[in-house]
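What follows is the residue order along each chain.
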Amino acid sequence: MKKEGTRDLSRLTNEELIDLLRRTVHGESSACDLSRLREEIVARNVGLVKSIALEFRNAGEPLDDLIQAGYIGLLNAVANFDLSRNTRFSTYATYLIKGEIRHYIRDKHSMIRIPQWVQAVNRRVKEEEEAFFQEAGRPPSITELAERLDLSEAQLVELLRGRETMTYVSIDEEKRSEDPHPDPPDFTHLASSREGLSFDLRMRILVAIEQLAEIERQVIQGLFYQGKSQAEVGRELGMSQRQVSRMKEATLEEVKRRLVKPDRKDRKGTEP
Amino acid sequence: MSDLLTLIGSAIEKLRKSVELFEASQQDDGLHELSSVIVEIDDYVRRIDDDPLLKLSPVDRSQLGERLAAVKGELQVVIDRFAADHS
C-alpha cells in the first residue's frame with residue numbers, strides 16, 4: 001500500500017473512489033488523504049454538474065447558482081450511493097444533480113405558495129424516487145412509485161402534474177412577465193385514498209408529526225451536545241451535578257424506550 | 001405535561017393513533033385524539049417556564065412556542081375541515 005496522499009487516484013473508477021472514501025471515513029484505510037479524495041471526486045464530476053446545469057440555463061437563475069445546487073446533488077450522490085447495487089455512479093449522480101437543481105429552481109420562485117402538506121408529499125416522492133433508483137438502477141414507473149407511496153396512480157399523476165406545473169411556471173420567463181403572481185397549482189382534486197380522512201388532511205397530520213419529531217431531535221441534540229455544563233445547570237436549578245446527570249440519563253432512557261417500541265420504530269412517521 | 005419530550009412523545013403517539021382510527025372509520029375517536037393533542041400543547045405552553053428540560057437544553061422558548069402553535073394550527077385545520085366536509 002502506498003503512503004497516505006500519494007496514491008494515484010486517476011486510475012480509479014468513480015465507484016472505486018467512493019469505496020475508498022467510505023473506507024477512509026470509517027478508518028479502514030489510510031491509503032489516501034480524505035480531503036484529496038473528496039477533491040478528486042468533485043473535480044472529476046465538475047463537467048457533469050456544469051453540463052446538467054446548462055440544461056436549466058433558461059430558468060431565470062444565475063448559472064453559478066444552478067451549478068452550486070448541482071454540487072449539492074453530487075455530494076448527496078457520493079454520500080448515498082450504494083456500492084452493492086449494479087448502477088453506475090454517473091447515472092445515479094445525474095439523477096440527483098438534476099433533482100437538486102429542479103428543487104432549487106422551485107424553491108427560488110416563492111411567489112407560488114405551496115401548502116406545507118404538499119411540500120411534505122413532494123419530499124416523500126423525492127425520497128422514494130431516489131430509494132427506488134438505488135435499488136433498481138432506473139427511475140420508478142408511476143405504478144411502482146404509487147405503490148411505494150401508498151397512493152393511487154391517479155393521485156400520484158395529479159401530484160406530479162402539480163409539481164411539473166410549479167417548475168413550468170417558475171422557469172417560463174415569458175409567462176412570469178405576463179403574470180408575475182400566478183396561482184399555485186390546485187391540489188384540491190387529489191381525492192381521498194382512504195375512507196373518512198381526505199388525503200390532504202392525512203398529510204397535515206403527518207406534517208405535524210414531522211414537525212414534532214424535528215423539535216424533539218433539536219432538543220435532544222441541545223441536551224447532549226450543545227447545552228451548558230451539568231455543573232452550570234445544577235447551579236441554576238439548585239441541584240447537584242449528580243442530580244442533573246441522573247436527569248439527563250433518565251431522559252435518554254425514556255427516549256430510547258420510546259424509540260425501540262415497535263410502533264415508534266419509524267419515528268419520522270411520514271408514510272402517506 | 002411536565003416536560004417537552006414527554007409532550008412530544010405523547011403527541012406523536014396520539015397523532016399516529018388518530019390516523020389509524022380515521023382509516024378504521026372511527027372518526028369520532030380520531031377527532032378526540034387530535035383534540036387531546038391540542039389540549040396537551042396548550043397545557044404545556046402555559047407551564048413552559050416550569051419545564052426543567054428547557055433549562056438543560058439551549059432552546060429558544062418563544063421560538064418553541066411559535067413552533068408548537070404552528071403544529072396546533074395544522075391540527076385545528078384538520079379538525080375544522082373534517083367537520084366541514086362531514087357536516
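Values in this document were obtained by computation on a predicted structure and should not be read as measured data.

**A short note on the overall build of chain A**
Then comes step 1: Scanning chain A from terminus to terminus reveals 11 helices and zero strands.
Then comes step 2: When its helices and strands are written in sequence order, chain A yields α-α-α-α-α-α-α-α-α-α-α.
Then comes step 3: Residues counted as buried form 28% of the 272 residues belonging to chain A.
Then comes step 4: The long-range fraction of contacts in chain A, counting pairs at least 24 apart against all pairs at least 6 apart in sequence, stands at 63%.

**Notes on the overall build of chain B**
Then comes step 1: Along its length, chain B carries four helices and zero strands.
Then comes step 2: In chain B, the order of α-helices and β-strands from amino to carboxyl end is α-α-α-α.
Then comes step 3: Taking all 87 residues of chain B together, 34% fall into the buried category.
Then comes step 4: Within chain B, contacts between residues separated by at least 24 positions form 60% of all contacts whose residues are at least 6 apart in sequence.

**Brief notes about the nonpolar core**
Then comes step 1: Judged by nonpolar contacts, the single largest core of 44 residues is most densely connected at I205, A208 and L212 of chain A together with I8 and L15 of chain B.
Then comes step 2: If you list the elements that add at least two residues to this core, you get α5 (116-136), α6 (142-149), α7 (153-171) and α9 (199-226) of chain A together with α1 (4-23), α2 (27-46), α3 (52-56) and α4 (61-85) of chain B.
Then comes step 3: Of all the elements, α9 of chain A adds the most residues to this core, at 11 residues.
Then comes step 4: Each of domain 2 (109-191) and domain 3 (203-264) of chain A contributes no fewer than three residues to this core.
Then comes step 5: Grouped together as the second largest cluster of nonpolar side chains are 28 residues, A69, Y95, Y104 and F133 of chain A included.

**Things to note about the packing of helix α1 (residues 14-25) of chain A against helix α2 (residues 34-55) of chain A**
All names here are of chain A.
Then comes step 1: Packing of α1 against α2 brings their axes to within 10 Å, and their N-to-C directions diverge by 155 degrees. In terms of orientation, α1 lies roughly antiparallel with respect to α2. You can see that α1 and α2 cross each other, and the crossing is left-handed. Of α2, the residues touching α1 (which contributes N14, L17, L20, L21, T24 and V25) are L34, L37, R38, E40, I41 and R44.
Then comes step 2: Here the contact of α1 with α2 is built from residues that sort into seven nonpolar, two polar and three charged.

**Here we look at the confidence of the model for chain B**
All names here are of chain B.
Then comes step 1: Within chain B, residue pLDDT values average 87, and 98% of them lie at 70 or more.
Then comes step 2: Of all helices and strands in chain B, the one with the weakest mean pLDDT is α3 (76), whereas α2 scores best (93).
Then comes step 3: With pTM at 0.52, the complex prediction returns an ipTM value of 0.92.

**Some remarks on the packing of α2 of chain A against helix α3 (residues 63-80) of chain A**
Residue and element names in this part refer to chain A.
Then comes step 1: Contact geometry for α2 and α3: axes closest at 9 Å, N-to-C directions at 130 degrees. Between α2 and α3, the crossing angle belongs to the class labelled oblique. In this structure, α2 meets α3 at a crossing whose hand is right-handed. Residues I41, V42, N45, V49, K50, I52 and A53 of α2 form the contact with α3, whose own contacting residues are L63, L66, I67, G70, Y71, L74 and V78.

**Thoughts on the environment of E144 of chain A**
Then comes step 1: Take E144 of chain A: it is sitting in helix α6.
Then comes step 2: Taking the C-alpha atoms as reference points, E144 of chain A and E129 of chain A, 15 residues apart in sequence, are found 9.6 Å from one another.

**Side note on α1 of chain A**
Residues and elements named next belong to chain A.
Then comes step 1: Counted at 1.5 Å a residue, the expected span for α1 with its 12 residues is 16 Å, and the 16 Å between its end C-alpha atoms agrees.
Then comes step 2: Listed as buried for α1 are N14, L17, I18, L20 and L21. Taken end-on, α1 shows its buried residues confined to a sector of 160 degrees, consistent with a single buried face.
Then comes step 3: Taken together, the buried residues of α1 touch α2, α3 and α4 (89-108).
Then comes step 4: Where α1 terminates, the next one or two residues include G27, which has phi positive at roughly 75 degrees.

**Digging into the environment of G65 of chain B**
All names here are of chain B.
Then comes step 1: With respect to the helices and strands, G65 occurs in helix α4.
Then comes step 2: In sequence terms G65 and Y44 are 21 residues apart; their C-alpha atoms lie 9.5 Å from each other.
Then comes step 3: Setting aside residues up to four positions removed in sequence, G65 forms contacts with V45 and I48.

**A short note on unusual backbone geometry**
Then comes step 1: Here the phi dihedral of S25 of chain B falls at roughly 60 degrees; this positive angle occurs in a residue that is not glycine.
Then comes step 2: Take S25 of chain B: it is sitting in the loop between α1 and α2.

**A look at the confidence of the model for chain A**
Residue and element names in this part refer to chain A.
Then comes step 1: With 71% of its residues at a pLDDT of 70 or more, chain A shows a mean pLDDT of 73.
Then comes step 2: The secondary-structure element of chain A with the lowest mean pLDDT is helix α8 (residues 173-178), recorded at 45, while α3 shows the highest, at 87.
Then comes step 3: Taken together, the stretch residues 1-6 has pLDDT below 50 and engages in 10 contacts with residues farther than four places along the chain or on a different chain.
Then comes step 4: Note that pLDDT drops below 50 for residues 168-182; the model gives that stretch 15 contacts with residues more than four away or on any other chain.

About the thresholds
- Residues numbered from 1 in each chain as written.
- Chains lettered and ligands numbered in written order.
- Predicted model: local features only at pLDDT ≥ 70, side-chain atom pairs only at ≥ 80, totals over all residues.
- Helix = DSSP H or I, 4+ residues; strand = E, 2+ residues; numbered from the N terminus.
- Buried ≥ 20, exposed ≤ 12 C-beta atoms within 10 Å, placed from the backbone.
- Contact = placed C-beta atoms within 7 Å.
- Core = buried A, V, L, I, M, F, W, Y, C linked by C-beta atoms within 7 Å.
- Domains from an automatic or database assignment.
- Axes fitted to C-alpha atoms, helices over the stretch in contact; angles between N-to-C directions.
- Parallel < 35°, antiparallel > 145°, perpendicular 65-115°, else oblique.
- Left-handed = near helix turned anticlockwise from the far one by under 90°.
- Nonpolar A, V, L, I, M, F, W, Y, C, P; charged D, E, K, R; others polar.
- pLDDT = per-residue confidence, 0-100.
- Expected span 1.5 Å × (residues − 1).
- Arc of directions from axis to C-beta.

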